[in-house]
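Below are the chains, spelled out letter by letter.
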Amino acid sequence: MEAGRESGRESGGDDLAARVAAAMWADDTASAGLGMRLLSVGEGTARVEMTVRDDMVNGHGIAHGGFVFTLADSAFAFACNSRNRVTVAQACDIVFVAPARRGDLLLADARERTTFGRNAIYDITVTRGDEVIAEFRGRSRELSGTIIPTEET
């Protein structure tokens, strides 16, 4: 995981996001089991990649939409928890733009759009190279508690 990679330097928020992501990743057997790799995380952002495996292809010979959704949802989770406040999905939707195929390397790039109270909206774009595969919008809700103890922040 490379926190702060896009800006070229780590801010305090990106450092916290990296530590939170490491704690979350340690317990995220779903994402790891699907072969996902957390590439970077920052305050309100995350990038996760996954290669479409043989067991992820449906009867049409394309990636099952549920796996594309799960990739985007994982990036969403790392982005919306980046400030060390337990945050969960409240609602999500996805638009499939192009099919992904066996062997494709997919990248989910999550960005915070806006926050309001304990709520936020995130957009996640899933790509294969320069081609958009899907657009995902997630709405999050902050709960009580932190991912890592506050004395570590």
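What comes next concerns the included structure. On a predicted model such as this, the values are computed, not experimentally measured, just so you know.

Summing up its helical and strand segments, the protein chain has three helices and six strands in all. Expected size for 153 residues packed as a compact globule is a radius of gyration near 15 Å; at 15 Å, the protein chain falls within 12% of this value. In the protein chain, which comprises 153 residues, the proportion classed as buried is 41%. For the protein chain, restricting intrachain contacts to residue pairs at least 6 apart in sequence, the fraction spanning at least 24 positions comes to 64%. For the protein chain, the exposed surface amounts to about 7600 Å²; the carbon and sulfur share of it is 49%. Between the centroid of the 17 positive side chains of the protein chain and the centroid of its 23 negative side chains there is a distance of 4 Å.

In this section: the packing of aromatic side chains. Summed over all chains, the structure comprises four aromatic pairs. One aromatic cluster is present, built from ring pairs that chain together F69, F76, Y122 and F136.

One key point about sheets: their strands pair by backbone hydrogen bonds, in either a parallel or an antiparallel sense. Within the open sheet, the six strands sit side by side as β1-β2-β4-β5-β6-β3. Their pairing is antiparallel. Across the chains shown, the open sheet's two edge strands, defined by having one partner strand only, are β1 (37–42) and β3 (87–96). Going from strand to strand, the sheet's axes swing by 20° on average, the running direction of each strand aside. By the bridge criterion, nine bridges tie β3 to strand β6 (residues 131–142) in an arrangement that is antiparallel. Residue pairing in the sheet places A89 in a bridge with S140 of β6.

Here we come to the pairing of β1. Taken together, the five bridges between β1 and strand β2 (residues 45–51) define a ladder with antiparallel strand orientation. Of the residues in β2, the one forming a bridge with L38 is V48. Connecting β1 to the next strand, β2, in antiparallel fashion are two residues, including G44 with a positive phi near 80°.

V68, L71, L106, I124 and V126 are the most contacted members of the largest nonpolar core, which has 39 residues in total. Listing elements by their share of this core, those giving two or more residues are α1 (12–27), β1, β2, α3 (65–80), β4 (105–116), β5 (119–128) and β6. Sorting elements by how many residues they give to this core places α3 first, with eight residues. In this view, I124 contacts A72, A75, F76, A108, D109, A110, A134, E135 and F136; residues no more than four positions away in its chain are not counted.

Glancing now at the side chain of D109. Mapped onto the elements, D109 comes out in strand β4. Of the polar contacts made by the side chain of D109, one reaches the side chain of R111; its length is 3.4 Å. Discounting chain neighbours no more than four positions away, the residues touching D109 are A46, R47, D123, I124 and T125.

About the criteria used
- Residues numbered from 1 in each chain as written.
- Predicted model: local features only at pLDDT ≥ 70, side-chain atom pairs only at ≥ 80, totals over all residues.
- Heavy atoms only, no water.
- Helix = DSSP H or I, 4+ residues; strand = E, 2+ residues; numbered from the N terminus.
- Rg over C-alpha atoms; globule rule 2.2 N^0.38 Å.
- Buried < 20%, exposed > 50% of the residue type's maximum accessible area, 1.4 Å probe, protein only.
- Contact = heavy atoms within 4.5 Å.
- Areas by Shrake-Rupley, 256 points an atom, 1.4 Å probe, with all protein chains shown as cover.
- Lys, Arg positive; Asp, Glu negative; His and termini not counted.
- Charge placed at Lys NZ, Arg CZ, Asp CG, Glu CD.
- Phe/Tyr/Trp six-rings, centres within 6.5 Å; stacked < 30°, edge-to-face > 60°.
- Pairing = 2+ DSSP bridges.
- Axes fitted to C-alpha atoms, helices over the stretch in contact; angles between N-to-C directions.
- Core = buried A, V, L, I, M, F, W, Y, C linked by side-chain atoms within 4.5 Å.
- Polar contact = N/O pair within 3.5 Å; in protein donor to acceptor, adjacent residues only side chain to side chain.

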